[in-house]
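Examination of the molecular architecture
Here is what each chain is made of, one letter per residue.
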Amino acid sequence: MKTAIIYDGSSREAAIAVEQLQPYFPTAELRYIEKMNSRDFEAYDLLLLGTTSWKLGESQENWIDALPRLQHADLHGRHVAIFVLGHRYSYPGTFIVRGLHIATRRAGASLVGCVIGPAWCSSLSTEHDCRHHFPGLPLNPSTEGRHFRKRILAWSCQVMTEARRSAA
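Chains are numbered independently. Their residues run from 1 in the order of the written sequence. Restriction of local features to residues with pLDDT of at least 70 applies here, the model being predicted, together with a cutoff of 80 or more for giving and counting side-chain atom pairs; totals for whole chains, interfaces and linings are based on all residues. The side-chain quantities take in all heavy atoms of the structure and omit both hydrogens and water.

Brief notes about the overall build of the protein
Rules: Counting from the N terminus, the helices are the DSSP runs of H or I reaching at least four residues and the strands are the DSSP runs of E reaching at least two. Residue burial is assigned from relative accessible area. The probe radius is 1.4 Å, only protein chains are included, and a residue is buried under 20% of its type maximum, exposed over 50%, and partly exposed in between. Contacts are assigned to residue pairs that have any heavy atoms within 4.5 Å of one another.
Scanning the protein from terminus to terminus reveals six helices and eight strands. In the protein, the succession of α and β elements from N to C terminus is β-α-β-α-β-α-β-α-β-β-α-β-β-α. Scored against the burial criterion, the 168 residues of the protein give a buried share of 52%. Sequence-distant contacts, at least 24 apart, represent 76% of the contacts inside the protein between residues at least 6 apart.

Some thoughts on the packing of aromatic side chains
The test is simple: Centres within 6.5 Å are what make two rings of Phe, Tyr or Trp a pair, Trp counting through its six-membered ring; a difference in plane orientation under 30 degrees is then read as stacked, over 60 as edge-to-face, and the rest as tilted.
What the rule picks out here adds up to two aromatic pairs. A ring pair is formed by Tyr7 and Tyr32, whose centres lie 5.4 Å apart and whose planes are at 75 degrees; its orientation type is edge-to-face. Residue Tyr7 is found in strand S1 (residues 3-7), and its partner Tyr32 is found in strand S2 (residues 29-32); the two are separated by 25 residues along the sequence. The exposure class assigned to Tyr7 is buried, which follows from its relative accessible area of 8%. Note on Tyr32: relative accessible area 38%, which makes it partly exposed.

A closer look at the nonpolar core
Test applied: Here, the term nonpolar core denotes a set of buried Ala, Val, Leu, Ile, Met, Phe, Trp, Tyr and Cys residues that are joined through side-chain atoms within 4.5 Å.
Counting residues in each nonpolar core, the largest one holds 25 residues, and the members touching the most others are Ile6, Phe41, Leu47, Leu49, Trp63, Leu75 and Val80. What Phe41 contacts, discounting residues up to four positions off in sequence, is Ile6, Ile33, Met36, Leu47, Arg69, Leu70, Ala73, Leu75 and Arg78. Ile5, Tyr7, Leu137 and Trp155 belong to the second largest nonpolar core, which has 22 residues in total.

A word on the pairing of S1
Going by this rule: By the convention used here, strands pair only if DSSP detects at least 2 bridges between them. Place the viewer so that the strands point away; then a crossover is right-handed whenever the path from the first strand over the helix to the second strand goes clockwise.
Taken across its five residues, S1 has five buried, putting it largely inside the fold. Two elements, S1 and strand S3 (residues 46-52), share five bridges in a ladder whose sense is parallel. Bridge pairing links Ile5 to Leu48 in S3. Relative to S2, S1 runs parallel, the two sharing four bridges. Looking at the pairing, Tyr7 lines up with Tyr32 of S2. With respect to chirality, the unit in which S1 leads through helix H1 (residues 12-21) into the neighbouring parallel S2 is right-handed.

With respect to the environment of Ile96
You can see Ile96 is positioned in helix H4 (residues 95-106). The spacing of Ile96 and Ile64 is 32 residues in sequence and 7.0 Å in space, taken between C-alpha atoms.

Comments concerning the pairing of S3
Sheet faces and side chains relate simply in a regular strand, where the side chains alternate between the two faces. Of all seven residues making up S3, seven are buried, and the element is well covered by its neighbours. On S3, burial covers both faces: Leu46, Leu48, Gly50 and Thr52 on one face and Leu47, Leu49 and Thr51 on the other are all buried.

So, the confidence of the model for the protein
Formally: Each residue carries a pLDDT score, the predictor's own confidence in it, on a scale running from 0 to 100.
Confidence in the prediction for the protein averages 79 pLDDT; 74% of positions are at 70 or higher. Low pLDDT, under 50, characterises residues 118-131; the predicted model gives this stretch 35 contacts beyond four residues in sequence or across chains.

This is how it looks when you write it as C-alpha cells:
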C-alpha cells in the first residue's frame with residue numbers, strides 16, 4: 001500500500017508528530033502540503049494528512065490553499081486518515097478540520113482512523129454517519145504528553161487495519 005504522510009512544512013508541531021508516526025509507516029513518503037498538486041494526491045493508496053488547529057481564528061494558510069487541489073483529486077478507492085494537533089475540546093469543528101474532512105469525502109476517499117469519544121462530538125459526526133466520532137487523531141503533545149506515543153501507536157494500527165479491510 002503506497003502511503004504518504006502529508007503535513008504543513010512550516011509547522012514544528014506537525015514535524016514532531018510525523019517523527020512519532022513514521023516508525024509505524026516506515027515506507028511512507030513524507031510530503032509537504034505546500035508542494036502537492038491534485039495528481040500528487042492520486043499517487044497514493046493511503047494519505048495521512050496532518051495539520052494544527054492552534055491559534056483558532058487564524059488560518060492554516062498552506063492547508064487552506066491546498067483544499068481545492070485535494071478536493072479535485074480523484075481519490076476513489078483510496079484511504080485518508082487525518083491527524084490534528086491542538087486542543088481536543090475546541091477543534092473538532094474548526095475550519096481546517098472540517099475542510100479536510102469535506103474535501104477528502106468530495107474527492108471520493110474513504111476516511112479511516114476515526115476516534116470514538118464524547119469529546120469529539122461535533123457537526124462532522126453527523127456527516128460521517130456516526131455519532132461521537134472525530135474524523136482523525138487529535139493530538140496535543142504539550143498537555144497530553146504521557147499519552148502521545150500510546151495514542152499514535154493505537155491509531156496507526158487502527159488506520160492500517162481499516163485500510164486493509166476495506167481494500168480487500
